[in-house]
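Topology and contacts: notes
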Amino acid sequence: MLNSTLTEDLSLGLHHPLFNAWEGGRAAVGDFFFVYIGTFVLHELCYFGFFIPYLIADFIPSLHRYKIQKDKTVSKEMYANCIKRLLFSHVVIQGPMIALTKLFLDFMGMSIAAPFPTWTKIATTCFYCIVIEDFYFYWVHRYLHHPSIYKHIHKIHHEHKAPFGIAAEYAHPIETAFLGIGTMLGPMLLIDHLLTLWIWLVVRLFQTIEVHSGYDFPWSLNRWIPFWGGAIFHDFHHEKFDGNYSSTFTLWDKVFGTDDKYLVKAHEREREDDRDSKNDQVEALVAAADSSAVRRSPRVFRRKPKALNDSE
């Protein structure tokens, strides 16, 4: 495990406001329940909380232009079935796994007490963790698509050809367990404090909800961060069931040649977007010309017919 330098009086040191709340929580419930309850609650709040903006977008027609598969909708039955499986997974499968977190921390020699790592150390560690998880996820995910095991395990996750945020953890228990190992590989090698582990969990949950959201907004990370796959990259995998096996970055699919079909589709989409953009520009120019012509045209006044007198 890599050792990190813990601060005593810097950004997350003993004088940080987080210190009293953190140590107060430990004293109130004990370390085991502090870790167990804290991790479980953090997971649920982030998992469903990160989904809310995308759920709201479903009810705003002006945002539907950013949906990746515009012809697909999510029915109430699909939501109900998804939530039902999620509750089972979170309580029966992930709950016991999270209960082992304290034992995991003790075994790996991770600290629970203050002082805390610096923000710089936390950010750097989370970056390394997401790189490690992405490489692990690529190979396990690719193996799950092998014909001999796909129909037994991973097919459940692919029931949603047009994914939506909370479908991220809609999966077979075996898949949940094996992919969960990837999330913990980075912490096993790099993390030495519970706070860093929790922040890494937040990052990972945001990433998996975002790539399953079904939306590609102008502010989506894939438009700003090089090699970030985003929803449009992973959505193609759900639509075609092939290629784009990485969870976060596009690098490994490019290196191992599993993004060929996606690149063809992306090129077609770019041409369609260019064509639509040009059509919009033409329509705008025509509308502007028509509006200008109407303003310049002379007004035509019609004389009211003269009322007929009774004598006429």
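Residues numbered from 1 in each chain as written. Predicted model: local features only at pLDDT ≥ 70, side-chain atom pairs only at ≥ 80, totals over all residues. Heavy atoms only, no water.

**Overview of the packing of helix 5 (residues 119–144) against helix 8 (residues 194–211)**
Here is the rule: An axis is simply a line fitted to the C-alpha atoms; with a helix, the fit covers only the stretch in contact. Between two such axes, the angle follows the N-to-C directions and lies from 0 to 180 degrees. Segments assigned H or I by DSSP are reported as helices when at least four residues long, segments assigned E as strands when at least two residues long, and all are numbered from the N terminus. If an angle is under 35 degrees, it is roughly parallel; if it is over 145, roughly antiparallel; if it lies from 65 to 115, roughly perpendicular; otherwise it is oblique. By the definition used in this description, the sense in which the near helix is turned from the far one sets the handedness, with an anticlockwise turn below a right angle giving left-handed and a clockwise turn giving right-handed. Whether two residues touch is decided by their heavy atoms; if any such pair falls within 4.5 Å, the residues are in contact. Throughout this entry, Asp, Glu, Lys and Arg are counted as charged residues, while Ala, Val, Leu, Ile, Met, Phe, Trp, Tyr, Cys and Pro are counted as nonpolar. The remaining residues, Gly among them, count as polar.
Where helix 5 contacts helix 8, the axes come no closer than 10 Å and their chain directions differ by 50 degrees. By the angle class used here, helix 5 and helix 8 are oblique. The chirality of how helix 5 crosses helix 8 is right-handed. On the side of helix 5, the interface is formed by Trp-119, Ile-122, Thr-125, Cys-126, Cys-129, Ile-130, Glu-133 and Phe-137, while helix 8 contributes Leu-195, Thr-196, Ile-199, Trp-200, Val-203 and Arg-204. In the contact of helix 5 with helix 8, the residues fall into 10 nonpolar, 2 polar and 2 charged.

**Brief notes about a nonpolar patch on the surface**
The criterion, for reference: Any residue with relative accessible area above 30% and no salt bridge may belong to a patch, with like charges joined within 9 Å and the nonpolar Val, Leu, Ile, Met, Phe, Trp and Tyr side chains within 5 Å. Computed with the Shrake-Rupley method and a 1.4 Å probe, the accessible areas treat only the protein chains shown as cover for residues. Counted as salt bridges are all cases of a side-chain nitrogen of Lys or Arg within 4 Å of a carboxyl oxygen of Asp or Glu.
On the surface, a cluster of nonpolar side chains totalling about 530 Å² of accessible area is made up of Val-29, Phe-32, Phe-33, Ile-37, Val-41 and Leu-45. Here Phe-33 is to be found in helix 1 (residues 18–49).

**Remarks on the packing of aromatic side chains**
Put simply, the test is: Ring geometry is summarised as follows: Phe, Tyr and Trp rings, the Trp one being its six-membered ring, pair when their centres sit within 6.5 Å, and such pairs are stacked at plane angles under 30 degrees, edge-to-face over 60 and tilted between the two. When a residue's accessible area, from a 1.4 Å probe over protein chains only, is under 20% of the maximum for its type it is buried; when over 50% it is exposed; and in between it is partly exposed. By definition here, charges over rings are those cases where NZ of Lys or CZ of Arg is within 6 Å of the ring centre and within 35 degrees of the ring normal.
Overall, the coordinates contain 26 aromatic pairs when judged by the stated rule. When the centroid spacing of 5.3 Å and the interplanar angle of 55 degrees are considered together, the rings of Trp-22 and Trp-198 count as tilted. Separated by 176 residues along the polypeptide, Trp-22 in helix 1 and Trp-198 in helix 8 bring together distant segments of the chain. Residue classification places Trp-22 among the buried positions, given a relative accessible area of 4%. On the numbers, 5.0 Å between centres and 80 degrees between planes, the contact of Phe-233 with Tyr-262 is edge-to-face. Residue Phe-233 is located in helix 9 (residues 230–240), and its partner Tyr-262 is located in helix 11 (residues 260–296); the two are separated by 29 residues in the primary sequence. Over the aromatic face of Tyr-215 sits the side chain of Lys-67, whose NZ or CZ is 4.9 Å from the ring centroid. One residue, Arg-85, lies across the ring of Tyr-170, its end atom 5.2 Å from the ring centre.

**Some details on unusual backbone geometry**
In the segment running from Ala-114 into Pro-115, the intervening peptide bond is cis, with an omega of 10 degrees. By the secondary structure assignment, Pro-115 is in the loop between helix 4 (101–108) and helix 5. Positive phi, close to 70 degrees, is recorded for Phe-227, a residue that is not glycine. Along the chain, the position of Phe-227 falls in the loop between helix 8 and helix 9.

**Focus: helix 9**
It helps to recall that an α-helix has 3.6 residues per turn; residues three or four apart then point in one direction. Counted residue by residue, helix 9 has 9 buried out of 11 residues, so it is predominantly covered. Within helix 9, burial applies to Gly-230, Ala-231, Ile-232, Phe-233, His-234, Asp-235, Phe-236, His-237 and His-238. Positive phi shows up at Phe-241, right after helix 9, with a value of about 65 degrees.

**Describing the environment of His-193**
Residue placement: His-193 occurs in the loop between helix 7 (173–190) and helix 8. Expressed as a C-alpha distance, the spacing of His-193 and Leu-105, which sit 88 residues apart in the sequence, is 8.3 Å. With residues up to four places along the chain from it excluded, the contact list for His-193 reads Trp-22, Met-110, Ser-111, Ile-112, Ala-113, Ala-114, Pro-115, Phe-116 and Pro-117.

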